[in-house]
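# Structural description and commentary
Residue-level listing of the chains:
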Amino acid sequence: MTEEKTRIHTRISSDTQRKMEIAFPNANCRSRNEFVEEAIRFYSDHIISQEVTDFLAPALVSALRATIQGSENRIARLMFKQTVELSMMMNVLAAGLEIDDSQLDELRWRCVQNVKKTNGSISFKETLREHDNGGFE
């Protein structure tokens, strides 16, 4: 079954014809007509894809920027809330404990080591177990 074709009359420059003659043997086409038709398809697809790319890129950038900004805002709010809670806990502990600077420095060193060892995954329950087993004094 063959596709119906339309005859068109075209004129091309001699330079374009030379380029076609050079490229034709490598184009895997049976005729110059097929070569020209493939060239038109290729160029048309290129133009259409360029239009889609020109539209898609800014839309994609805008969507990504909005997603990142939303995530950044949520993280900032959560960090603020966490810092307020930590400050409250530190003030309660400072009011009830008598601890000298050397003990505080030792505790900070041990806490840094613990956070590094657990990759930041620490819990109050685990810390209590450490204290019960004599791990932190």
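Residues numbered from 1 in each chain as written. Predicted model: local features only at pLDDT ≥ 70, side-chain atom pairs only at ≥ 80, totals over all residues. Heavy atoms only, no water.

## Quick word on the overall build of the protein chain
Put simply, the test is: Runs of E in the DSSP output that reach at least two residues are strands. Runs of H or I that reach at least four are helices, and both are numbered from the N terminus. Our radius of gyration is a C-alpha quantity, and the globule rule it is checked against amounts to 2.2 Å times the number of residues to the power 0.38. Three exposure classes are used, based on accessible area relative to the maximum for each residue type with a 1.4 Å probe and protein chains only: buried under 20%, partly exposed in between, and exposed over 50%. Note that accessible areas follow from Shrake-Rupley with a 1.4 Å probe, and for residues the cover is restricted to the protein chains shown.
For the protein chain, the count of helices and strands is 4 helices and 0 strands. Mapped from its N terminus to its C terminus, the protein chain presents α and β elements in the order α-α-α-α. The C-alpha radius of gyration computed for the protein chain amounts to 36 Å, which surpasses the reference 14 Å derived for 137 residues by more than 25%, pointing to a less compact arrangement than a globule. Across its three principal directions, the C-alpha atoms of the protein chain cover 100 × 35 × 30 Å. Out of the 137 residues in the protein chain, the part that is buried amounts to 4%. Total accessible area on the protein chain stands at roughly 13,100 Å², and carbon and sulfur atoms take up 58% of it.

## Considering the pattern of salt bridges
Put simply, the test is: A carboxyl oxygen of Asp or Glu within 4 Å of a side-chain nitrogen of Lys or Arg is what we treat as a salt bridge.
Enumeration over the complete set of coordinates arrives at 8 salt bridges. The residue Arg 30 makes a salt bridge to Glu 34 at a minimum N-O spacing of 3.6 Å. Judged by relative accessible area, which is 77%, Arg 30 ranks as exposed. Residue classification places Glu 34 among the partly exposed positions, given a relative accessible area of 22%.

## Focus on the packing of aromatic side chains
Spelled out, the test is: Pairing of aromatic side chains requires ring centres within 6.5 Å, counting the rings of Phe and Tyr and the six-membered ring of Trp. Pairs whose planes differ by under 30 degrees are stacked, by over 60 edge-to-face, and all others tilted. Consider the ring centre and the ring normal. A charge sits over the ring if Lys NZ or Arg CZ is within 6 Å of that centre and within 35 degrees of that normal.
By the definition in use, this model includes 1 aromatic pair. Seen from their ring centres, Phe 24 and Phe 35 are 6.1 Å apart, and the 70 degrees between their planes marks the pair as edge-to-face. Of this pair, Phe 24 sits in the loop between helix 1 (14-23) and helix 2 (32-96) while Phe 35 is found in helix 2, placing the two residues 11 residues apart along the sequence. Among the residues examined, Phe 24 registers a relative accessible area of 17% and is labelled buried. For Phe 35, a relative accessible area of 16% puts it in the buried group. The ring of Phe 24 carries the charged tip of Arg 32 above its face, separated from the ring centre by 5.2 Å.

## Topic: unusual backbone geometry
One non-glycine residue, Asn 28, adopts positive backbone phi at about 55 degrees. The topology assignment puts Asn 28 in the loop between helix 1 and helix 2. Taking the relative accessible area as the measure of exposure, Asn 28 reaches 72% and is therefore exposed.

## A few points about a nonpolar patch on the surface
Using the following cut-off: Residues enter patches when they are more than 30% accessible in relative terms and free of salt bridges; like-charged ones are connected within 9 Å and nonpolar ones (Val, Leu, Ile, Met, Phe, Trp, Tyr) within 5 Å.
On the surface, a cluster of nonpolar side chains totalling about 720 Å² of accessible area is made up of Ile 48, Val 52, Phe 55, Leu 56, Leu 60, Leu 64 and Ile 68. Considering the arrangement of structural elements, one finds Ile 48 in helix 2.

## Focus on the environment of Glu 34
Relative to the assigned elements, Glu 34 resides in helix 2. In the structure, Glu 34 is positioned 46 residues away from Phe 80 in sequence and 67 Å away in space, judged by C-alpha atoms.

## So, the confidence of the model for the protein chain
Heads up, the rule is: Values of pLDDT, which run from 0 to 100, indicate the predictor's confidence residue by residue.
Of all residues in the protein chain, 96% have pLDDT values of 70 or greater, and the mean over the chain is 85. Highest mean pLDDT in the protein chain belongs to helix 1 (93); lowest belongs to helix 4 (residues 124-132) (78).

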